[in-house]
Amino acid sequence: MSSLSGKASTYKNQILKILSKTSKDIQASFHLNISNGLTVNCRSGELENIENQNDTGLSIEVFYNNRKGTASTNDLSLDSIEKTLSKASNIAKHTQADSCQGLPSESYIKEESGNLGIYFPVDIKMDEIIELTKSCEAAAFEKDDRIKNSEGSSFTKSENETMLLNSEGLFGYYKSTHYSLSCIVLANEGDSMERDYWYSSTREFNKLEHAREVGQRAASRASSRLNAKPISSRVCPVIFPPEVATSLIGNLLSGINGHSIYKKSSFLIDSLGKDIFPEFVCITENPNIPNAMGSRPFDDDGVLTQKKNIIEKGRLMTFLLDTYSARKLNEKCTGNGVITNITVESKKNKNANLIKMVDEGIIITEMMGSGANLLTGDYSRGAFGFYFKDGEIKYPVTGITVASNLTQMFNNILEIGSDVDFRGNIRTGSILVDNVTIGGT
Amino acid sequence: MKSIIETILAHNEISESKISQILSCSCPKGIDYSDVYFEYSSSESWSIEDGIVKNGTSIIDSGVGIRSISGEKTGFAYSNTFGLDNLLSAAKMSRSIASFGKEEPFSIRDKVNFKKLYSSSSPLEKVSDTVKVEFLKKIDSYIRKKDNLVDQVIVNLAASHTSMLVVNSDGMRAQDDRPLVRFNVMVILKKGKRRERGSAGGGGRFHYDEIFADEFSNKFADEAIRQARVNLDAVEAKAGMTTVVLGPGWPGVLLHEAIGHGLEGDFNRKKTSAYSNLIGQKVASSNCTIVDDGTISSRRGSLSVDDEGSPTEETVLIENGILKGYMQDKLNAKLMKTKSTGNGRRESYAHLPMPRMTNTFMMAGPDDPEEIISSVKNGIYAVNFSGGQVDITNGQFVFTASEAYLIENRKITSPIKGMTLIGNGPEILKKVSMIGNDLKLDDGVGTCGKDGQSVPVGVGQPTLKIDEITVGGTKV
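Calculation criteria
Residues numbered from 1 in each chain as written. Chains lettered and ligands numbered in written order. Predicted model: local features only at pLDDT ≥ 70, side-chain atom pairs only at ≥ 80, totals over all residues. Heavy atoms only, no water. Core = buried A, V, L, I, M, F, W, Y, C linked by side-chain atoms within 4.5 Å. Buried < 20%, exposed > 50% of the residue type's maximum accessible area, 1.4 Å probe, protein only. Domains from an automatic or database assignment. Phe/Tyr/Trp six-rings, centres within 6.5 Å; stacked < 30°, edge-to-face > 60°. Helix = DSSP H or I, 4+ residues; strand = E, 2+ residues; numbered from the N terminus. Pairing = 2+ DSSP bridges. Contact = heavy atoms within 4.5 Å. Buried area = accessible area lost by both parts, 1.4 Å probe. Salt bridge = Lys/Arg side-chain N within 4 Å of Asp/Glu carboxyl O.

Draft legend 1. Here's a closer look at the nonpolar core. Of all hydrophobic cores here, the largest spans 49 residues; its most connected members are Phe-240, Ile-283 and Ile-364 of chain A. Three or more residues apiece are contributed to this core by two domains, here domain 2 (234–247 + 349–439) and domain 3 (250–346) of chain A. Counting 42 residues, the second largest nonpolar core, distinct from the first, contains Leu-255, Val-283, Ala-284 and Val-471 of chain B.

Draft legend 2. Representation of the packing of aromatic side chains in the model. A full pass over the atoms with the stated rule returns 20 aromatic pairs over all chains. Ring plane angle 85° and centroid distance 6.0 Å describe the contact between Phe-155 of chain A and Phe-205 of chain A, whose orientation is recorded as edge-to-face. Remark: Phe-205 of chain A occurs in the loop between β6 (192–202) and α4 (211–224) and Phe-155 of chain A occurs in strand β4 (residues 147–166); sequence separation between them is 50 residues. For Phe-205 of chain A, a relative accessible area of 17% puts it in the buried group. Arranged with centres 6.5 Å apart and planes meeting at 85°, the rings of Phe-206 of chain B and Phe-216 of chain B form a pair that is edge-to-face. With Phe-206 of chain B in the loop between β7 (194–204) and α5 (208–212) and Phe-216 of chain B in helix α6 (residues 214–232), this pair connects stretches of sequence that are 10 residues apart.

Draft legend 3. Representation of the sheet that holds strand β9 (residues 290–293) of chain B in the model. Residue and element names in this part refer to chain B. Overall, mixed pairing links the six strands, which are arranged β11-β10-β9-β14-β23-β20 in an open sheet. In this open sheet, the two edge strands, each paired with only one partner strand, are β11 (322–323) and β20 (440–441). As judged from the two bridges shared by strand β10 (residues 314–319) and β11, these two strands associate in the antiparallel manner. By the bridge assignment, Glu-319 is partnered in β11 with Ile-322.

Draft legend 4. Layout of the pairing of strand β21 (residues 447–450) of chain B. All names here are of chain B. By the alternation rule, side chains of β21 split into Cys-448 and Lys-450, which are all buried, and Thr-447 and Gly-449, of which none is buried. Pairing geometry for β21 and strand β22 (residues 453–456), over four bridges, is antiparallel. Residue Gly-449 lies in a different strand from β22, and its bridge partner there is Ser-454. As consecutive antiparallel partners, β21 and β22 are separated by two residues, and within that stretch Asp-451 has a phi angle of approximately 50°, a positive value.

Draft legend 5. Main features of the sheet that holds strand β10 (residues 315–316) of chain A. Residue and element names in this part refer to chain A. Sheet architecture is open: five strands sit in the order β10-β9-β8-β11-β16, paired in mixed fashion. Both edges of this open sheet fall to β10 and β16 (426–427), since each of them pairs with a single strand only. Alignment of strand β8 (residues 281–286) against strand β9 (residues 308–312), held across three bridges, turns out to be antiparallel. When the bridges of β9 are listed, Thr-284 appears paired with Asn-309.

Draft legend 6. Molecular detail of the domain arrangement of chain B. Residue and element names in this part refer to chain B. With domains assigned, chain B is organised as domain 1 (5–232) and domain 2 (236–472). Computed over C-alpha atoms only, the centres of domain 1 and domain 2 are separated by 24 Å. Facing the 48 residues of domain 1 at the interface are 43 residues of domain 2. Buried area between domain 1 and domain 2, both sides added, is near 3300 Å², and the carbon and sulfur share of it is 53%. Together, Arg-67, Leu-117 and Arg-205 form the three largest contributors to the area buried by domain 1 at its contact with domain 2, with a combined 18%. At the boundary of domain 1 and domain 2, one finds four salt bridges.

Draft legend 7. Examining the domain arrangement of chain A more closely. Residues and elements named next belong to chain A. Parsing chain A into structural domains produces domain 1 (6–224), domain 2 (234–247 + 349–439) and domain 3 (250–346). Once you take the C-alpha centre of each, domain 1 and domain 3 turn out to be 23 Å apart. In this assembly, 28 residues from domain 1 lie in contact with 22 residues from domain 3. Of the roughly 2000 Å² buried where domain 1 meets domain 3, counting both sides, 57% is carbon and sulfur surface. In terms of surface lost to domain 3, no three residues of domain 1 exceed Cys-100, Tyr-174 and Arg-203, which account for 27% of the buried area on that side.

In structure tokens, the structure reads:
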């Protein structure tokens, strides 16, 4: 069980006291975050930085006759909370009425959450952290003698508490931890200098990838980029490895978010119930996976998160709605005031080897820039990758662009790999997409 | 008159002698340098969408950041509260970066002298909330009346005020109050099944009254509609290498990405930049002179004094194609045996300072913009961009056009869909063959991200011709 920390319970009592004095004309919701952590950087075999993190933030939403005001502060004294509440109330007296505004009226959380499997506090000595971080970078230098410089290796840990309370009796609270270890190195050969990184990210310290492996993967990635060549423009199949494929799925999730839909600012506004992926593609949301980055008991409004099918046999089954956007669209709220864990799967072939499925193409290992237009789906981004032919990687390519339209890219998916990346909240394998335009020389 | 931060310190009984006590603690024998950064920042934003002013937000963030430097090592801790005990405990965490000796008595010797580039007062307090709401409603109805294809209008109004005080172990103290306002318009037009967006905005270190003036706000509203109109007729662009002419002003994001980041001191000290060790060498066409200037009055990227208490400067980065200097903060300047250029910036008290740009732009050249366009047989004319990114190590950078046209037979013809341009900084700067006489700075909406920290910046340039760059079109 995650019982309230001393700090959280003090703040809870203060907030309840303030709520008991608050006029019944207004509805108020209090969102509290407490976070403590540490970042340690080592570079060139030496300790470089230690940053201690220690944040408290309270955000208050007030609804007054269907008008909304928001105010936040990081000063949690009783006096400051009262001032913040009155600031939010004042704003709510100036904004305009909108009948969809208000606190959630159903499926909201009323008690502290049980064990979600995302809270694993651990005491690690500073010396041990520094050694771990140094060994990560050292492994990168040992792996390949073309690794000649580094931006260092970095370890972070944080312990977080989230609490939500409102004037209708809603109460939710949970704790979580997060650990990460990363390494950024530079490979150098002749005139070519390339940088790449690798990282591990978990809820439990002991589940972090081994420090030496993180360093070695960073080294292999950086040195594999050396002596990259330009390539001629073409339309060809493209493989997006998991860490890049997540951004395409992120574009889908933004496009079906209730706020994009009611604002009519999405390329997917008319897609509900339509086949937007090939039939073998399934995408689900599950808020309760132990040790997962996206696990959460309730969303930003305090509505219970739900397990759901988003894409079933290629078809879009639901938009992702929070309390406000659901009311706006006259639909039922799906608890998506947050996006939890998203899993992308192929129902076709669980062990497909994507590189062997097409004669030749490009593996895109890095994308740059913000060229996804979510209003039209038009897509154009800078990229780095590897040219492959006959099932083998031939050489790295640089200075290229990847362009298409998201609607077409979703439709042109040939297969999804089983090489799932579990480090973030979007869990997908590599995605092979046909007919993508590569801009080059 | 006392600044907000000084009033807060007085209220918390943090006198000069208490600050000295904190610095004695954060900078004992064995620590080279330490600073204590006090900040109180308030901000607000208001927006209208669907014709309703739906929400207003107010944010107060305040605290104290303490860092201790020993050689290349930095220890850092911060506190959300101003109590002496919390500050001393942050100072102890911070100094633990290195082995240290005895605490020594410390005293504040002097104030940093600098020229004020903007008003000290807060833009948040001068205007009532009713006036802000009425302004948003006025702009919304102005846009809806102006064009019958309007499908959605979103207008944002935001202001902030940061009151800071930094005291360092050299005995210097600097205090600055910084206003910042910003206004953004986004319009979606719908014609048949096609829907396209246009956006525009402006701002700077001044007050709301400048934004509320019709000639300011209507200009951006008109601009957003115009852009969306253009995009309704945009056709697909061809992928591959071509000649590109960039319009003046905001397209200067090219310089920010292609060269600016690569000339920040930290990357060059660590030799991770494609521009490391190139001082005195030719890195751009000989007609290119590029500066970073934090001293321009009232601009979004300007600062009277940086976050480490160094007055900002006009720093020449490239002069007639030759690399002249880097942008430095104190740590990197010291390690590279040079002086800070006033580029030490931090997002807030909870972040470490690092070398960051202020207003980065290319000086005007000799060419007539029309002649630049007519010198191109076939190519692209790009006038608006939505952002960019760079890999400072290999020099690859991208920037994404949101308004561009074909140049066919030396004339601007059809608009083309938004696309990303990719190039290599050191190579592209050598392919700048013509520079216009029409230097323009951007309208004041730029934000730069580095290592997870965002700071307001400015960019600018005259019309430029790049002989060859890769364009991310969809046609082959």
